[in-house]
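Geometric and topological summary
The primary structure of each chain is shown beneath.
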Amino acid sequence: MNYPTSNKKLIDWVNEIADLCEPDAIHFCDGSKEEFDSLAGELVNKGTFKKLSDVRRPNSYWAHSDASDVARVENRTFICSNVADDAGPTNNWMDPFSMKSTMTELYRGSMVGRTLYVIPFSMGPLGSPFSKIGIEITDSPYVVTNMRIMATMGTAVLEELGADGDFIHCLHSVGKPLASGEQDVAWPCNPQNIYISHFPETREIWSFGSGYGGNALLGKKCLALRIASVAARDEGWLAEHMLLLKLTSPAGEVHYMTGAFPSACGKTNLAMLVPTLAGWSVETLGDDICWIRVGEDGRLWGLNPEAGFFGVAPGTSYATNPNAMDTMVRDTIFTNTALTADGDVWWEGIDGEMPSSLTDWQGNRYDPASSKPASHPNARFTVGAAQSPHIAPEWNDPRGVPISAILFGGRRRSLVPLVSESKSWEHGVFLGSTMASETTAAAVGAVGNLRRDPFAMLPFCGYHMGDYFAHWLSFGDNKELKLPKIYLVNWFRKDADNKFLWPGYGENSRVLAWIVDRLEGRAQASETPFGYVPVSDDPNFDGLSIDKARLELLNQVDSTELASEIEAISAHFATFGDKLPAQLIDQLNALMGSNGN
Ligand code: SAT
Ligand code: MN
C-alpha cells in the first residue's frame, strides 16, 4: 500500500497493527476540513452523530455514547512500568509483558469490518521546543473528528516527522469488530474489556474498549499527562493538569497564572473568567493541561499543548461562563448532552427554562417528572481554542509564556481558606502534595467523597507520586531559578446550612487581583497554618454581595478540623513509604507545630 510518508518506523508500525487488527481499510488522516466533513457525514449516516440546526449552531454535532461509556475508568487505567514500584501506590500496575500479551489477543481482529485511521498529531505548536509528536491509530471516526479539534493534526505533522523522526505510539480500538453484514451500533465499545494502558519506558499507549474522550483521545490525558509526566521527569520539566490564563490589571500589568484543580472543579470556568472587578481582564490560554519548562531567564514558562477544549457542559451558562457559551456557538461536537426539538443542545444549568420537549442523553424522550437529569453530568463539548472570543493572542506562541503564580485547589466544604499564599516553594509543594477534593462525575464512581488528589494529578501521574513530589521540590533546590509563587484556593467552602460561602465565578477575579497585589508587593496578609490570607478589609473584597462575617468565615482555619486534617495527611504521606521526600515531612511537622501540637 502507498502511504503518504517515507517514515519507515511509521510504515512498519501501521503494517504491524493492520496485520494484528485486520481492518477493512487504512486511512491516513490529512487533517483537512474536507476530511472532517466527510467523516462527520459518515457518522451521521451511522447514527453516531446528529447534525445540529445550522441556524442555531452551524457545523455542530451531537453524539450520545453507550450508557456505560461516559467517563474515565480509573480502575481500568494502568501504568505498566518495568518495575511495579515505579508506578507507585497511586496507579494500577501490570507488568508490560503480560499486559501486552493480554491486549494483543484483544486487538487480534478487533478492527474487522472497520477502517483503521492513522492520526499524526502534535501536542503543542509545530516547531516548539515544548511539543511532542504522537501517532494515534484508531478504528473510531468519532475519535478522529475530536482529535482534529483537540490537537494539531494531519499532513503538516507528517512533514515535521520526516523520514526519521520518532513519535509516541498510541493505539486505540473500540474493540467491536463487525461480522460480515453485521449492522454497527451508534456507539461501538467493549465495556467488559476496557484497558487504558501506558508503557512509560517505551512511551507507548494502548487503549481498548472505550470511545469516551479521556480514554480514547490519546493525545490528552494519556500522552500529554501520563506519558509526558515521565518524559518531564527525565528531561527536567513539568507536565501538569493545569489551566493557563493571562490576567491584566487596570494599570496594565500582565501576569500569567496556572491552576491545578481536579477534573470538573472549574478549570475551564477560571480560565475563561469574566472579572467582576472593574478594569481587570482575563484571557484564556488553556483549560486543562500545561507543560512547564525553565526559560533562559530562569523563570518557568508554560504552554498549553492542546488545540481545543473538552469541557463539562452541565452548569455552563451565560451566567457562569459566557466565554465558553460564545466559543461553542459553531463547529462544536457535543457528547451526552440533551437535544432540543429544534435541533440544538440543552443541559442542566444552561440559561432559560427547560424546553417542553427534550431528547435525553441516551436518545430517549425525556420525562421531566423523572428524577434523572436530561444530560449526563459529565456531558462534554469539544471545541477549538482559536474560536474562543477571549483567547490570548499568544496562546500558541511556541515559546510559551512566563508564569507568575501557580494555583492549587479542590472542592473542600470546610477547613481550607478561600485563598492562601504559600510561605516558600517547599511549602507550596506541600500544599500541592496534600490537595484533596470531593469526587465528581468526570470519573466513574461515587460523587462527593473527599479524596487526596495531589496536584490534581492522582489519575494522571505516570510514575511514583513520591518521586513526582521530589521532582517538584528539585526546582526549589536550584537557587538560580526565579520561581512563581504558589497559592492554595478553595471556591467551594460551605456554611452550616450547606450553602456555598463564596459566590465564585466572576467574583473569583477578586482573589486573582489579591494575588497580583501580593506579587507586586502591595497587599497586606495575615498568617494562618495554610499560609498568608487576605486581611479582612482588603479593598479587593469591597462591594461583595456577601457580608463581612461570611467573608471572614471563608479564611478561618478551625484548629480541631486542622488536627484531623493533619492526621489524614499523615496517613496519606505514609502511603508513599521511603519515597516521601524529607522536606515534606518537615512541612508536616511545621504544620503540626503551628496547630499547637
Ligand atoms: O475525559 S477527560 O479525562 O479528558 C476530562 C477529565 O476528566 O479531566
Ligand atoms: Mn482534566
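Residues numbered from 1 in each chain as written. Chains lettered and ligands numbered in written order. Predicted model: local features only at pLDDT ≥ 70, side-chain atom pairs only at ≥ 80, totals over all residues.

Here we look at the UniProt feature "domain: Phosphoenolpyruvate carboxykinase GTP-utilising N-terminal" (unreviewed entry) in the protein
As annotated in UniProt, the feature "domain: Phosphoenolpyruvate carboxykinase GTP-utilising N-terminal" (unreviewed entry) corresponds to residues 12-233 in the numbering used here. Counted over residues 12-233, helix gives 34% and strand 21%. Its end C-alpha atoms are 30 Å apart. (UniProt positions renumbered as here; feature names shortened; annotations may be inferred. Helix = DSSP H or I, 4+ residues; strand = E, 2+ residues; numbered from the N terminus.)

Some details on the nonpolar core
If you look at soluble globular proteins, the nonpolar side chains tend to sit buried side by side. Counting 170 residues, the largest nonpolar core has Ile 119, Met 147, Leu 223, Leu 245 and Ala 338 as its most contacted members. For this core, the element with the most residues is helix α8 (residues 219-235), which contributes eight residues. Those residues in contact with Met 147 that sit more than four places away from it in its chain are Ile 119, Phe 121, Glu 136, Met 153, Leu 217 and Gly 219. (Core = buried A, V, L, I, M, F, W, Y, C linked by C-beta atoms within 7 Å. Buried ≥ 20, exposed ≤ 12 C-beta atoms within 10 Å, placed from the backbone. Contact = placed C-beta atoms within 7 Å.)

Quick word on the packing of helix α11 (residues 425-433) against helix α12 (residues 465-477)
With their axes 9 Å apart at the nearest point, α11 and α12 run at an angle of 160° to one another. As judged from the angle between their axes, α11 and α12 are roughly antiparallel. α12 is crossed by α11, and the crossing has right-handed handedness. On α12, the residues that touch Trp 425, Glu 426, Val 429, Gly 432 and Ser 433 of α11 are Phe 469, Trp 472, Leu 473, Phe 475 and Gly 476. (Axes fitted to C-alpha atoms, helices over the stretch in contact; angles between N-to-C directions. Parallel < 35°, antiparallel > 145°, perpendicular 65-115°, else oblique. Left-handed = near helix turned anticlockwise from the far one by under 90°.)

Details of the site of ligand 1
Near ligand 1 you find Arg 72, Gly 213, Gly 214, Lys 220, Lys 221, Ser 263, Phe 310 and Ala 442, and these make up its full shell. The set of elements that each furnish at least two residues to the shell around ligand 1 consists of α7 (213-216) and α8. (Near = placed C-beta within 6 Å.)

Side note on the environment of Cys 80
As for its position among the elements, Cys 80 is in the loop between β4 (77-79) and α3 (84-87). In sequence terms Cys 80 and Gly 462 are 382 residues apart; their C-alpha atoms lie 9.2 Å from each other. Among residues more than four places away in sequence, those in contact with Cys 80 are Trp 93, Met 94, Asp 95, Pro 96, Met 99, Ser 197, His 198 and Phe 199.

Quick look at helix α16 (residues 582-594)
Compared with an ideal rise of 1.5 Å per residue, which puts 13 residues at 18 Å, α16 spans 18 Å between its outermost C-alpha atoms and is within 8% of the ideal. Taken together, the buried positions of α16 are Leu 584, Gln 587 and Leu 591. Here the buried residues of α16 occupy an arc of 55° about the axis, which is enough to place them on one side. Among the exposed residues of α16, those pointing more than 90 degrees away from its buried face are Ala 582, Asn 589 and Gly 593. The inward-facing, buried residues of α16 contact α11, α12 and α15 (559-574). (Expected span 1.5 Å × (residues − 1). Arc of directions from axis to C-beta.)

A look at the sheet that holds strand β19 (residues 338-340)
Pairing in this open sheet of three strands is antiparallel, and the strands run β20-β19-β21 from one edge to the other. Looking at the sheet topology across the chains shown, the edges are occupied by β20 (345-346) and β21 (358-359). Pairing analysis gives two bridges linking β19 to β20, with the strands arranged antiparallel. Among the inter-strand pairings, Ala 338 is bridged to a residue of β20, identified as Trp 346. (Pairing = 2+ DSSP bridges.)

Section: the sheet that holds strand β2 (residues 49-51)
The strand order across the open sheet formed by five strands is β2-β3-β18-β22-β17, and the pairing between neighbours is mixed. The strands lining the two open edges of the sheet, one partner per strand, are β2 and β17 (308-312). The sheet shows a mean angle of 20° between the axes of neighbouring strands, direction not considered. Across four bridges, the pairing between strand β18 (residues 332-335) and strand β22 (residues 380-384) is antiparallel. Counterpart to Thr 332 in the pairing with β22 is Val 383. Helix α2 (residues 33-46) contacts β2 and β3 (61-63) of the sheet and is inclined by roughly 105° relative to β2.

What about the domain arrangement of the protein?
Considered domain by domain, the protein is made up of domain 1 (8-30 + 77-235), domain 2 (239-307 + 396-594) and domain 3 (309-383). The gap between the C-alpha centroids of domain 1 and domain 2 is 32 Å. Counting residues at the interface gives 32 residues for domain 1 and 25 residues for domain 2. When residues of the side of domain 1 that touches domain 2 are traced back to their parent elements, those giving at least two are β4, α3, α5 (141-150) and α8. The dominant element in the side of domain 1 that touches domain 2, judged by the number of residues it contributes, is α8, at 11 residues. (Domains from an automatic or database assignment.)

Examining the packing of α15 against α16
For the pair α15 and α16, interaxial distance at closest approach is 11 Å and the crossing angle is 165°. Considering the angle they form, α15 stands roughly antiparallel to α16. The interaxial crossing formed by α15 with α16 has left-handed handedness. Between α15, through Ile 566, Ile 569, Ser 570 and Phe 573, and α16, the contact on the second element is made entirely by Leu 584, Leu 588, Leu 591 and Met 592. Considered class by class, the residues forming the contact of α15 with α16 number seven nonpolar, one polar and no charged. (Nonpolar A, V, L, I, M, F, W, Y, C, P; charged D, E, K, R; others polar.)

Re helix α1 (residues 8-21)
For α1, which comprises 14 residues, the first-to-last C-alpha distance of 20 Å matches the rise-based estimate of 20 Å (1.5 Å per residue) to within 8%. Among the residues making up α1, those that are buried are Leu 10, Val 14, Ile 17 and Cys 21. Down the axis of α1, the sector holding all buried residues measures 70°, keeping them to one side. In α1, the exposed positions angled more than 90 degrees off the buried face are occupied by Lys 8, Asp 12, Glu 16 and Asp 19. Buried positions along α1 lie against β1 (25-28), α4 (96-107), β5 (115-123), β6 (132-138) and β8 (168-173). Count one or two residues on from α1 and you reach Glu 22, which has phi positive near 55°.

Side note on unusual backbone geometry
Even without being glycine, Asp 331 reaches a positive phi, approximately 45°. Within the secondary structure, Asp 331 sits in the loop between α10 (322-327) and β18. Taking the number of C-beta atoms within 10 Å as the measure of exposure, Asp 331 has 19 and is therefore partly exposed. A positive phi angle, close to 70°, is found at Asn 336, a residue other than glycine. Looking at the element boundaries, Asn 336 is found in the loop between β18 and β19. Classification of Asn 336 as buried rests on a count of 26 C-beta atoms within 10 Å.

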